[in-house]
Amino acid sequence: MEKYYITTPIYYVNDKPHIGHTYTTVLADVIARYQRLAGKDVFFLTGTDEHGQKVVQSAEKAGISPQQHCDKFAQRFKEMWEKLSISYDYFIRTTDAQHIDVVQKALQKLYDSGDIYKSTYEGWYCVPDERFWTEKDLVDGKCPECGRPVVKIEEENYFFKMSKYQQWLIDYIENNPEFIQPDFRRNEILGFLKKPLNDLCISRPKKRLSWGVELPFDTDYVCYVWVDALLNYCSAVGLYRDDEKFKKWWPADCHLIGKDILTTHAVYWPILLYALGIKMPRTIFAHGWWMVDERKMGKSLGNAVDPYSLEKLLGADRLRYYLMRDMVVGHDASYSLSGLVSRLNNDLSNDLGNMLSRITNMVSAYFGGVLPAPAEDIDSETEKLRSIITKLAEKVWDNVEKMKIHNALEEVNSAIRAANRYIETTQPWVLAKEGNREMLGTVLFTATQLLAKAGILLYPVMPQKCEELLHAIGYSGKITIDDARKYAVVEPGSKIEKPSALFPRIDIKKAEMSLGIVSSEKPQQKEVEGIITIDDFFKSKLVVGKVLSAKRAPNADKLLLLEVDIGTERRQLVAGLAKWYEPQQLEGKKIVIISNLKHAKIRGYESQGMLLAADDGEVVSVLTVDKDVPPGSKVR
Ligand code: ME8
């Protein structure tokens, strides 16, 4: 069985997980799950980076030991990943004894082979970043990475001969285009390597910092945190401890990282590996940043983008879907709550959720909840949808292999939209009325196969929701890419159940309240919420109206234009019902309308009143009267 080894960065334990950590880890999880679906033997590694000055400072502030601090925060990461259905195979912590042992063995090897030497260091040090800089590295006298002040330092330290391997690295990167991805990041690193590389200071004197891995050849020093951290990728799979395991998993297939840590991964790490005689990972893939108002999102931006609150509001699957759908992998993306709400409402509530409830409702109404068989000869509309269904898995997989997860999701969504159009064109409710059972069966069977493909191919992104969806449509297979490649995976005769609303629509106001965002336009009302008097109620005049005719509004695909008899006159109503009703379905219905509403123009059409409808977040259902009362009857 082919293996696939994927890693995330190991995260610092100086704060709880934020949305940036969440993004990388969800992306790695989605890729790991797709690879498992393709039948590969997957090892998915994540963990925490627990040494360094910042940990000591945070622990001191909290009045606990550094180890207690690490235990507490490693636990928070684990809990967050559990909430978000992250299917990691191993969680590494750099304070694990096994890991420390590997770091010491690696350092000793480098020392023995003459790649580490002692020298006096004189230069600038950025305390928060724990990095040394030369005078010419500084930007306006400050740290070139974070812009914070640096301090002058002179001390004896150990250095790793990085400069010796510079030409080797340039050649390796040039000869292995897959090694650093996306391509523009490879060019960035090749640009960086045009300047001579300095040797890397790999020690910190214990008198300044003791929370680290002790150097095996000098107990007065600990190891620089990045050397310790990078080695996690090898120590987790058995380096110097379990040769068989290491041979099975190494080299890693994908080190997934954010662009902020590209140099350490694309320069320090390959040189360290080469000096140790270890093979190179196949790909280092740097993704972009989530930004809010042009700023990198991180722990300082508070509750509004806090993964804890977002998970509480949306549940894991919808948060995962949004993060995957709205970032072009490799580039930066802007986060906004309104973008999130409209993405989830459109793709999941309107398109996928609507399709699922339409199909399950119709199979239950017309075939008693049992999937009908298709006819042998099929029409051209069905043929078109079939062709979309059979090509979908390949298109999705192709994008996944190129790390274009957003495109993969768009492919699925566009197939769902095509299926919704197919339902509108073939009009199963008309087929049912006409008694055309053969064609009706074909339509419902075909649409169900599309839903099954969507359920399988979206499973890596929304594992729980897709399991529910697949169960509802009677799929009993194994959820594999192979199944997604077949045309029919739900057999005629399968039991179809109406599921509970899988993707209820999100109301932006409620979302803002739940995230503690106070809208700047409207102050929060202090009065008792929702209480009105009877007089308030009678201000609206509700009457029964009979729909005389209904048609789609030209150039406004969500709207229907209804001509309604309200007893005393005829009114035109504009209603956003096109997604839920074919115009003919409304004709002849007795509905309830507010007749004294100020007339309004909607997309250029005058609406002379408003009809009432129930909305459970996924399905919209027009209110009707259940006895034959004449148009104009009062509703009260
Ligand atoms: O750098 N958008 O840990 P760290 C997207 N311990 N991703 C983001 C992000 C954002 N706004 N902010 C952070 C470290 N990330 C080291 C790594 S690895 C051997 C050692 C993600 O806690 C992104 O993956 O600062 C970034 O690379 C990582 O969090 C940095 O996490």
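Residues numbered from 1 in each chain as written. Predicted model: local features only at pLDDT ≥ 70, side-chain atom pairs only at ≥ 80, totals over all residues. Heavy atoms only, no water.

Draft legend 1. Geometry of unusual backbone geometry. The amide bond that connects Q181 to the next residue, P182, takes the cis arrangement and shows omega of -5 degrees. You can see P182 is positioned in the loop between β7 (180-181) and α6 (183-192). Cis rather than trans, the peptide bond between W250 and P251 has omega equal to 0 degrees. In this structure, P251 sits in the loop between α9 (243-249) and β12 (254-258). Unlike most non-glycine residues, Q427 shows phi in positive territory, near 50 degrees. Topologically, Q427 is positioned in the loop between α15 (405-426) and α16 (428-434). The exposure class of Q427 is buried, given its relative accessible area of 18%. (Helix = DSSP H or I, 4+ residues; strand = E, 2+ residues; numbered from the N terminus. Buried < 20%, exposed > 50% of the residue type's maximum accessible area, 1.4 Å probe, protein only.)

Draft legend 2. Summary view of the side chain of R33. Here R33 is to be found in helix α1 (residues 19-37). On the accessibility criterion, R33 (12% relative accessible area) is buried. Leave out the neighbours within four places in its chain, and R33 touches S85, S87, R320, Y459, P460 and P463. (Contact = heavy atoms within 4.5 Å.)

Draft legend 3. Main features of empty space enclosed by the protein. Under the defined criterion, the tally for this structure stands at 2 cavities of 30 Å³ or more. In terms of lining residues, the largest cavity is bounded by Y12, V13, N14, H51, G52, K54, V55, P128, D129, E130, V225 and W226. Listing elements by their share of the lining of the largest cavity, those giving two or more residues are α2 (53-62) and α7 (225-230). Within the lining of the largest cavity, the residues separate by chemical class into 6 nonpolar, 3 polar and 3 charged. Put simply, the second largest cavity is a space of about 30 Å³. (1 Å grid on protein atoms, 1.4 Å probe; cavity = no way out; pocket = protein on both sides within 12 Å on 5 of 7 lines; lining within 4 Å. Points joined across faces, edges and corners; volume = space filled by probe spheres on them. Nonpolar A, V, L, I, M, F, W, Y, C, P; charged D, E, K, R; others polar.)

Draft legend 4. Broad picture of the confidence of the model for the protein chain. Across the protein chain, pLDDT averages 93, with 96% of residues at or above 70. Here residues 521-527 is modelled with pLDDT under 50, and outside its nearest four sequence neighbours on either side it reaches 2 contacts, counting other chains as well. (pLDDT = per-residue confidence, 0-100.)

Draft legend 5. Highlighting the domain arrangement of the protein chain. In terms of domain boundaries, the protein chain breaks down into domain 1 (336-485) and domain 2 (534-622). Centre-to-centre, using C-alpha coordinates, domain 1 lies 30 Å away from domain 2. On the side of domain 2, 10 residues touch domain 1, which itself brings 10 residues to the contact. When domain 1 packs against domain 2, the two sides together hide about 880 Å² of surface, and 42% of this comes from carbon and sulfur. For the pair domain 1 and domain 2, the interface holds 1 salt bridge. By residue number, the principal contributor to the side of domain 1 that touches domain 2 is helix α13 (residues 337-367), which donates 7 residues. Residues that form the side of domain 1 that touches domain 2 fall into these classes: 1 nonpolar, 6 polar and 3 charged. (Domains from an automatic or database assignment. Buried area = accessible area lost by both parts, 1.4 Å probe. Salt bridge = Lys/Arg side-chain N within 4 Å of Asp/Glu carboxyl O.)

Draft legend 6. Molecular detail of the packing of α15 against helix α17 (residues 437-458). The N-to-C vectors of α15 and α17 enclose an angle of 165 degrees; their axes lie 10 Å apart at closest approach. Taken together, the axis directions place α15 and α17 in an arrangement best described as roughly antiparallel. Here α15 runs over α17; the crossing is left-handed. On α17, the residues that touch L409, V412, A415, I416, A419, Y422, I423 and T426 of α15 are M439, T442, V443, T446, A447, L450, A454, L457 and L458. In the contact of α15 with α17, the residues fall into 14 nonpolar, 3 polar and no charged. (Axes fitted to C-alpha atoms, helices over the stretch in contact; angles between N-to-C directions. Parallel < 35°, antiparallel > 145°, perpendicular 65-115°, else oblique. Left-handed = near helix turned anticlockwise from the far one by under 90°.)

Draft legend 7. Fine view of the pairing of strand β11 (residues 218-223). Of the strand pairs in this sheet, strand β9 (residues 203-205) and β11 are connected by 3 bridges, and their pairing is antiparallel. From the neighbouring strand, S203 faces β11, where its bridge partner is C223. Of the strand pairs in this sheet, strand β10 (residues 214-215) and β11 are connected by 2 bridges, and their pairing is antiparallel. Across the sheet, the residue bridging to L215 is D218, located in β11. Turn length for the β10-β11 hairpin, with the two strands adjacent in sequence and antiparallel, is 2 residues. (Pairing = 2+ DSSP bridges.)

Draft legend 8. Representation of the sheet that holds β10 within the structure. Within the open sheet, the 3 strands sit side by side as β9-β11-β10. Their pairing is antiparallel. Looking at which strands have only one partner, the edges of the open sheet turn out to be β9 and β10.

Draft legend 9. How the structure looks around the pairing of strand β6 (residues 151-160). Sheet analysis places strand β4 (residues 116-126) next to β6, joined by 10 bridges and oriented antiparallel. Bridging from a neighbouring strand, Y125 pairs with V151 of β6. Where β6 lies against strand β8 (residues 200-201), 2 bridges are found, and the strand directions are antiparallel. Residue pairing in the sheet places F160 in a bridge with L200 of β8.

Draft legend 10. Representation of the state of the cysteines within the structure. The tally for this structure, following the rule as stated, stands at 0 disulfides. The thiol of C126 is unpaired, and the distance to the nearest cysteine sulfur, on C143, comes to 3.8 Å. The exposure class of C126 is buried, given its relative accessible area of 0%. With no disulfide of its own, C234 lies closest to C223 among cysteine sulfurs, the gap being 14 Å. C234 gets classed as buried once you look at its relative accessible area, which sits at 0%. (Disulfide = S-S within 2.5 Å.)

Draft legend 11. Structural detail: the layout of surface pockets. In this structure, the second largest pocket occupies an estimated 530 Å³ of space. Around the second largest pocket, the lining is made up of 24 residues, and of these T283, F285, E401, K402 and M403 lie nearest the centre. When residues of the lining of the second largest pocket are traced back to their parent elements, those giving at least two are β1 (3-12), α1, β13 (283-287) and α14 (380-401). Tallied by class, residues from the lining of the second largest pocket come to 9 nonpolar, 5 polar and 10 charged.

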